[in-house]
Amino acid sequence: MSKDIRHFVPPSCELLGLGEPTHQEPAFGLVRNELFAVLVEQGFRSVALETDRVSGLLVDDFVQGGSGTLDMGAGFSHRFGELVANQRLVAWLREYNEGRPADERVAFHGFDASTENTSAASPRIYLEYARDYLGVELDLDGLVGDDERWSREEAILDPAQSIGDTPEAEQLRVIADDLLISLYARAPERIAATSRADWYRARTHLTAGLGLLRYHKVAAQPGSQEVRIARLMAARDSLMAQNLLDIRSIESQRGPTLVFAHNAHLQRMAGLQRDWYSAGAIVGELLGQRYAVIASSLGSSPTLGLAEPEPDTYEGNLQHTISDWGLTPAAALAAARTRTDINPRQGYFPLDQALLDQVDAVLHINGGTSL
């Protein structure tokens, strides 16, 4: 067992995934912060969190030295701005970057889309941003209509009420694609008039809008609820993977990136029900040895109401060797039983052999919030 994350970063690694088995245990974010500080000293220059990519631009503006204060609710989606660990990370990034030259500063990225399993945002603001950046005359109001009809749960949960396959949505996809072509075609002109960073910002907005249109298109397809949710999860992980690859293209000259998200998004295999590919499976296949992933597990947690694991489970074995938290190669873990003392409200996904076969290491936290 070790607490030195440097031993778990292969020389070829450009994107290091650090997973958490539940979003509800605060200790994982706190340990993440501690590990990331070490990685920054080793040359990492960016961190990507499971939060909306466009919202994350506000966080990066702030940590790069932007004036004023940051509205964490606007900078993070999924209410992740309320988490103490994320608040501390933002404060640390801003302090670290202060007075440093641009190439030594650490960047913040979100890599998720503005979606939930039961809702997805309107594409309006993303398409309008790109339209305004390109300076084209384009009235989107008639095609988009009321934003609420996109974001309401029925638009995702009921294909008959979805507008993702309407003529208006089809026309918006054509417009968004044309805008993307124009953005690239006019890149030299627009970058000269603004900046490379501004061009990337416009592209981030536009690809987010396109992603939402594609997500709503998937939501409009008929099928059983189980099949439809699997399709939506597949679409979301695909968008996550595209965002991670784009982030790496932006950060490739500055240093590696730490990506922090649920184990299910970062593992090198199919999703929770094994019937769609995770973002980690996609980027792992495309990046090869440039991608490494550490999954996490949890012993007990007062926050979750998770009791001590049985000694013959994977978590039970780790409890005997780790007093608070530690890292170990996944291949070093002996075969054991998957724990069953959990309930859906805890949001905890236990270790199993299928997961261990697809990750490089495991971060185990013994006592959860007591850290």
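Residues numbered from 1 in each chain as written. Predicted model: local features only at pLDDT ≥ 70, side-chain atom pairs only at ≥ 80, totals over all residues. Heavy atoms only, no water.

*Asks:* Hey, could you run me through the nonpolar core in this one?
*Replies:* In globular proteins that are soluble, nonpolar side chains generally tend to be buried together. Core analysis: the biggest nonpolar cluster contains 41 residues, and L16, F36, F108 and I294 have the highest contact counts within it. Top contributing element to this core by residue count: helix 1 (residues 27-41), with seven residues. Each residue touching F108, except ones within four places of it in the same chain, is listed here: V47, L49, T51, G56, V59, D60, V63, F76, L89 and L93. L244, V283, A295 and L355 belong to the second largest nonpolar core, which has 27 residues in total. (Core = buried A, V, L, I, M, F, W, Y, C linked by side-chain atoms within 4.5 Å. Buried < 20%, exposed > 50% of the residue type's maximum accessible area, 1.4 Å probe, protein only. Helix = DSSP H or I, 4+ residues; strand = E, 2+ residues; numbered from the N terminus. Contact = heavy atoms within 4.5 Å.)

*Asks:* Sorry if this is basic, but what is going on with the packing of helix 5 (residues 124-134) against helix 11 (residues 196-219) here?
*Replies:* Angle between the axes and distance between the axes are the two parameters that describe a pair of packed helices. Where helix 5 contacts helix 11, the two axes come as close as 8 Å, and the packing angle between them is 145°. The interaxial crossing formed by helix 5 with helix 11 has left-handed handedness. Counting all contacts with helix 5, which are made through Y126, L127, Y129, A130 and Y133, the residues of helix 11 involved are D198, W199, R201, A202, H205, L206, A208, G209, L212 and L213. Among the residues making up the contact of helix 5 with helix 11, the classes are represented as 11 nonpolar, two polar and two charged. (Axes fitted to C-alpha atoms, helices over the stretch in contact; angles between N-to-C directions. Left-handed = near helix turned anticlockwise from the far one by under 90°. Nonpolar A, V, L, I, M, F, W, Y, C, P; charged D, E, K, R; others polar.)

*Asks:* Any chance you could explain the pairing of strand 9 (residues 361-365) here in plain terms?
*Replies:* Side chains on a regular strand alternate between the two faces of the sheet. With five of five residues buried, strand 9 is to be regarded as a mostly interior element. Of the two faces of strand 9, the one holding A361, L363 and I365 and the one holding V362 and H364 are both buried throughout. When strand 7 (residues 291-298) meets strand 9, the two strands line up parallel, connected through five bridges. Bridge pairing links S297 to H364 in strand 9. Relative to strand 9, strand 8 (residues 325-329) runs antiparallel, the two sharing five bridges. When the bridges of strand 9 are listed, L327 appears paired with L363. (Pairing = 2+ DSSP bridges.)

*Asks:* Explain the sheet that holds strand 1 (residues 15-20) to me, please; I cannot follow it from the model alone.
*Replies:* Sheet strands line up and pair through hydrogen bonds in the backbone, either parallel or antiparallel. An order of 3-2-6-1-7-9-8 is seen for the seven strands of this open sheet, with the pairing classed as mixed. In this open sheet, the two edge strands, each paired with only one partner strand, are strand 3 (107-112) and strand 8. Taken pair by pair, the neighbouring strands of this sheet meet at an average axis angle of 25°, ignoring direction. Relative to strand 3, strand 2 (residues 46-52) runs parallel, the two being bridged by five bridges. Paired with D52 across the two strands is D112, which belongs to strand 3. Relative to the sheet, helix 12 (residues 225-251) contacts strand 1, strand 2, strand 3 and strand 6 (257-262), its axis offset from that of strand 3 by approximately 155°.

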